[in-house]
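The chain contents come next:
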Amino acid sequence: ATAALELAPGAVLHREGDGATHLSYVEEGRLVLSALSEQGRFCLIDIVGAGRLVGDECLDGRSEYASTAEAIAPTRILSVTREQAQTVLAQSSVFRDTLISAVLDARTLAHRRLVARQSTPAEYRLAHLLVEIATTDDGTLAPIRPRLTHDRLADLLGRGGSQTAEADAAAVTE
C-alpha cells in the first residue's frame, strides 16, 4: 500500500528528529532538505527533484530523520513504510539499483551536512548561492565551472556584510 502525497509549497514531508518510518520517492516537484546547526542556524543541505529518494535513514537502522524535507514547488511523493521498502528491496533489482544510487547520494549529502554545520555565515551564503545557481528547472544539479582561484574564494569568504549574493554570483559563474 504505497501512499501518494501531494505537497503544496511550504508543506513539510518530515522534520529533522522525527521518527524515520517511511522511504519516499519524489515523483514530481522539488523538496529542500535542511537541518539546524549546533548553533541553531538553518543549514541548506540539498534540493532534490523528481526521481530522488528521501528518508533512506529508515533503511539503515537510524530511528530519526537527519533533515527536514519541505516542498518548494507543488510536489507529488510516493511513500512506503520501512517494512514495505525492505520487502520490495528483496524482490526488485530496479528498486535495489535506485536505492544504491540513493545511498551514494547520501554519502555526498553527509559530507555536505558536515560542511554546512561547520560553516561561517559567509561560507553558508556562498554554498546556498552555488546550489541555487546549479539547480536546473527539473530539480537536478548541473555542474558549475567557476573561473575562480583558491585565493579569490578566500577573499570572497572573508569580506564583510556589505557583500551581496549578486556580487558572489557574478564572481563565481562564467
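In what follows, the structure referred to is the one given above.
Residues numbered from 1 in each chain as written. Predicted model: local features only at pLDDT ≥ 70, side-chain atom pairs only at ≥ 80, totals over all residues. Heavy atoms only, no water.

Draft legend 1. A look at the sheet that holds strand S2 (residues 12–14). Here we have four strands laid out as an open sheet, ordered S2-S7-S4-S5, and antiparallel in their pairing. The open sheet is flanked by S2 and strand S5 (42–49), the only strands paired with a single partner. Ignoring strand direction, the axes of neighbouring strands in this sheet form an average angle of 30°. Bridge analysis of strand S4 (residues 30–36) against strand S7 (residues 68–71) gives four bridges, and the strand direction is antiparallel. Each bridged residue has a counterpart across the sheet, and for leucine 33 the counterpart in S7 is alanine 69. (Pairing = 2+ DSSP bridges. Helix = DSSP H or I, 4+ residues; strand = E, 2+ residues; numbered from the N terminus. Axes fitted to C-alpha atoms, helices over the stretch in contact; angles between N-to-C directions.)

Draft legend 2. Structural context of the side chain of serine 24. Structurally, serine 24 can be placed in strand S3 (residues 22–28). On the basis of relative accessible area, serine 24 is assigned to the buried category, the value being 3%. Within the structure, serine 24 has its side chain in polar contact with the side chain of serine 79 (distance 3.3 Å). In this view, serine 24 contacts Leu13, Arg52, Leu53, Val54, Ile77, Leu78 and Ser79; residues no more than four positions away in its chain are not counted. (Buried < 20%, exposed > 50% of the residue type's maximum accessible area, 1.4 Å probe, protein only. Polar contact = N/O pair within 3.5 Å; in protein donor to acceptor, adjacent residues only side chain to side chain. Contact = heavy atoms within 4.5 Å.)

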